[in-house]
Amino acid sequence: QVQLVESGGGLVQAGESLRLSCAASGSGFRINPQDWFRQAPGKQRELVAGFTSGGSTNYADSVKGRFTISRDNAKNTVYLQMNNLNPEDTAVYYCHARIFTTTWRDVWGQGTQVTVSS
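One structure accompanies this document, and this report is about it. All figures in this text were calculated on a predicted structure; none of them were measured in a lab.

What counts as what
Residues numbered from 1 in each chain as written. Predicted model: local features only at pLDDT ≥ 70, side-chain atom pairs only at ≥ 80, totals over all residues. Heavy atoms only, no water. Phe/Tyr/Trp six-rings, centres within 6.5 Å; stacked < 30°, edge-to-face > 60°. Helix = DSSP H or I, 4+ residues; strand = E, 2+ residues; numbered from the N terminus. Lys NZ or Arg CZ within 6 Å of the ring centre and 35° of its normal. Contact = heavy atoms within 4.5 Å.

1. Re the packing of aromatic side chains
The tally for this structure, following the rule as stated, stands at 3 aromatic pairs. With a centroid separation of 6.5 Å and an interplanar angle of 85°, the aromatic rings of Tyr 94 and Trp 108 are classed as edge-to-face. Of this pair, Tyr 94 sits in strand S10 (residues 91-100) while Trp 108 sits in strand S11 (residues 104-108), and the two are 14 residues apart along the sequence. Looking at Arg 19, its charged tip hangs above the ring of Tyr 79, at a distance of 4.0 Å from the centre. A cation over a ring is seen here: Arg 45 above Tyr 94, with NZ or CZ 3.8 Å from the ring centre.

2. As for the environment of Val 5
If you trace the backbone, Val 5 turns up in strand S1 (residues 3-7). Here the alpha-carbon distance between Val 5 and Gln 110, two residues 105 residues apart in the chain, equals 7.1 Å. Those residues within four positions of Val 5 in sequence are excluded, and the remaining contacts are Ser 21, Cys 22, Ala 23, Ser 25 and Gln 110.

See the structure below:
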């Protein structure tokens, strides 16, 4: 069973930073690099940061210049460094990946809450 385990969420004040981690656990799988989505109350889930097929990064306009996604392939772990957080970043952050065992399928983490107070 392949799982994505997130960590690093919490409550911070505006202007502060957080670092999220997403580790893929299990065996016998191939994984495309994880990406990060978020969902705020009453809003649709949106892509925050990810990797293109060429290996470069892409970001939602609202987080460009503040968030950085990185990965450690040896650990099957992806990180999201979030700087200069503001209250509009408050959401549940989900890790997502395309994983191949017998077929390709989408896998989601359980979500981690990020709350930014003003």
